[in-house]
Number of protein chains: 2
Amino acid sequence: MIVRDENKMHGTERSVSAEQWTSVRMLLADDAMGFSFHITHIKAGSVHTFHYKNHFESVYCIKGKGRIEDIATGEVHEIEPGVMYALDKHDKHTLTCDEDFVFACCFNPPVTGNEVHREDGSYAAPDEAA
Amino acid sequence: MIVRDENKMHGTERSVSAEQWTSVRMLLADDAMGFSFHITHIKAGSVHTFHYKNHFESVYCIKGKGRIEDIATGEVHEIEPGVMYALDKHDKHTLTCDEDFVFACCFNPPVTGNEVHREDGSYAAPDEAA
């Protein structure tokens with residue numbers, strides 16, 4: 001059994017930050033669960049475009065307020081606590097954060113922790129990253 | 001893109017309840033994400049023994065207070081917001097809830113929604129359930 005406390009992981013090697021977000025890697029590929037699990041904090045006033053071409057991701061909103069735009073369809077969905085979006089078509093999307101978000105995120109295949117967001121908003125596939 | 005709101009799913013076919021818990025199935029096997037994702041509410045004062053012999057499960061505590069005992073080792077871990085446990089060895093465990101829990105749970109393989117908790121605390125493997 002793995003037990004980890006997010007409150008103690010900020011500022012450690014399992015926490016990755018950019019100016020507008022912090023992602024705490026609760027489970028990564030080497031935990032061998034078959035998915036990875038992240039708690040991601042996004043700052044109010046920020047806008048992000050992501051396109052996980054090689055991963056499925058689900059995102060559940062624990063706190064915060066904002067919206068997601070599906071770039072392919074132009075549809076906009078409001079995000080607030082209790083709302084989940086799942087990128088089952090590797091959907092390219094823009095996330096706008098009005099109030100600080102806290103998200104619970106699952107990735108399949110699991111993120112290894114060595115990915116970087118590429119210019120196109122994607123992560124490399126596991127074999128490209130290796 | 002799948003978008004679902006947990007607040008609107010209680011009392012629907014995607015919400016499963018027993019006396020002491022409710023599990024809202026945000027993502028199931030047929031969503032084809034490769035994992036399932038559930039928001040599970042557990043009532044204060046309840047004690048549960050589970051043994052997912054055929055699934056890996058991770059559980060992140062959003063709200064509540066209690067503890068988990070690893071039956072094999074006797075170790076007890078306090079659970080409060082921010083703590084995650086992951087049953088990477090299909091660990092048999094007893095969960096004690098002191099204050100109402102809200103958990104974000106991921107399962108691999110994904111739960112189909114047709115499983116029942118068996119007497120031994122497990123879910124059947126997908127091929128047994130089929």
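Since this is a predicted model, take the numbers as computed values, not measurements.

Cut-off values and rules
In this numbering scheme, every chain counts its residues from 1 along its sequence in written order. Both sets of labels track the order of writing: A upward for chains, 1 upward for ligands. Residues qualify for local features only when their pLDDT is at least 70, as the model is predicted, and side-chain atom pairs are given and counted only at 80 or more; totals for whole chains, interfaces and linings, by contrast, use all residues. Side-chain metrics rest on all non-hydrogen atoms present in the structure, leaving aside hydrogens and water. Labels follow the DSSP assignment, with helices taken as runs of H or I lasting at least four residues and strands as runs of E lasting at least two, numbered in each case from the N terminus. All radius of gyration figures rest on C-alpha atoms, and the globule criterion is 2.2 Å times the number of residues raised to 0.38. Exposure is judged per residue with a 1.4 Å probe applied to protein chains only, and the accessible area is read against the type maximum: over 50% gives exposed, under 20% gives buried, and values in between give partly exposed. Residue contacts are counted whenever heavy atoms from the two residues lie within 4.5 Å of one another. We treat Lys and Arg as the positive residues and Asp and Glu as the negative residues; His and chain ends play no part in the count. One atom stands in for each charge, and that atom is NZ of Lys, CZ of Arg, CG of Asp or CD of Glu. For this analysis, a nonpolar core means a set of buried residues of the types Ala, Val, Leu, Ile, Met, Phe, Trp, Tyr and Cys, connected via side-chain atoms within 4.5 Å. We place the copies in one frame by least squares, fitting the C-alpha atoms of every residue whose pLDDT is at least 70 in both. A 1.4 Å probe that fits into a set of points on a 1 Å grid over the protein atoms alone but cannot get out defines a cavity; an open set with protein on both sides within 12 Å along at least five of seven lines defines a pocket, and lining residues are those with an atom within 4 Å of a point. Grid points are joined across faces, edges and corners, and a volume is the space filled by probe spheres set on the points. Polar here means any residue outside two lists: the nonpolar Ala, Val, Leu, Ile, Met, Phe, Trp, Tyr, Cys and Pro, and the charged Asp, Glu, Lys and Arg; Gly therefore counts as polar.

Enquirer: Would you mind showing me how to read the overall build of chain A here?
Expert: Within chain A, the secondary structure is distributed over 1 helix and 9 strands. The C-alpha radius of gyration of chain A comes to 14 Å, within 12% of the 14 Å expected for a compact globule of 130 residues. For chain A, the spread of C-alpha atoms along the principal axes amounts to about 40 × 30 × 25 Å. Out of the 130 residues in chain A, the part that is buried amounts to 55%. Nonlocal contacts in chain A, meaning residues at least 24 apart in sequence, comprise 61% of its contacts between residues at least 6 apart. Taking the average place of the 12 positive charges on the side chains of chain A and the average place of its 22 negative ones, the gap between the two points comes to 3 Å.

Enquirer: Please clarify how the nonpolar core should be interpreted in this entry.
Expert: What tends to happen in soluble globular proteins is that the nonpolar side chains get buried as a cluster. Residues A:Phe37, A:Tyr60, B:Phe37 and B:Tyr60 are the most contacted members of the largest nonpolar core, which totals 32 residues. When sequence neighbours within four positions are dropped, the list of residues in contact with B:Phe37 reads A:Ser58, A:Tyr60, A:Met84, A:Cys106, B:Val24, B:Arg25, B:Met26, B:Leu27, B:Ala104, B:Cys105 and B:Cys106.

Enquirer: Explanation requested: the relation of the copies chain A and chain B in the structure shown.
Expert: Note that the two copies of the chain are related through a rotation about an axis and a translation along the same axis. By a simple turn and slide, chain A fits onto chain B: the slide is 0.0 Å along the axis, the RMSD is 0.0 Å, and the turn is 180°. The transformation relating the two chain copies, once decomposed into turn and shift, fits a two-fold axis. Comparing contact sets, 100% of the residues at the interface of chain A also lie at the interface in chain B, consistent with an isologous, same-surface contact.

Enquirer: Any chance you could explain the layout of surface pockets here in plain terms?
Expert: To locate leftover empty space, one rolls a probe as large as a water molecule over the atoms. Computed from the structure, the largest pocket encloses a volume of approximately 360 Å³. Taken together, 20 residues make up the lining of the largest pocket; nearest its centre are A:Ile62, A:Lys63, B:Cys61, B:Ile62 and B:Lys63. Elements that contribute at least two residues to the lining of the largest pocket include exactly β6 (56-70) of chain A together with β6 (56-70) of chain B. Along the lines of polarity and charge, the residues of the lining of the largest pocket split into 10 nonpolar, 6 polar and 4 charged.

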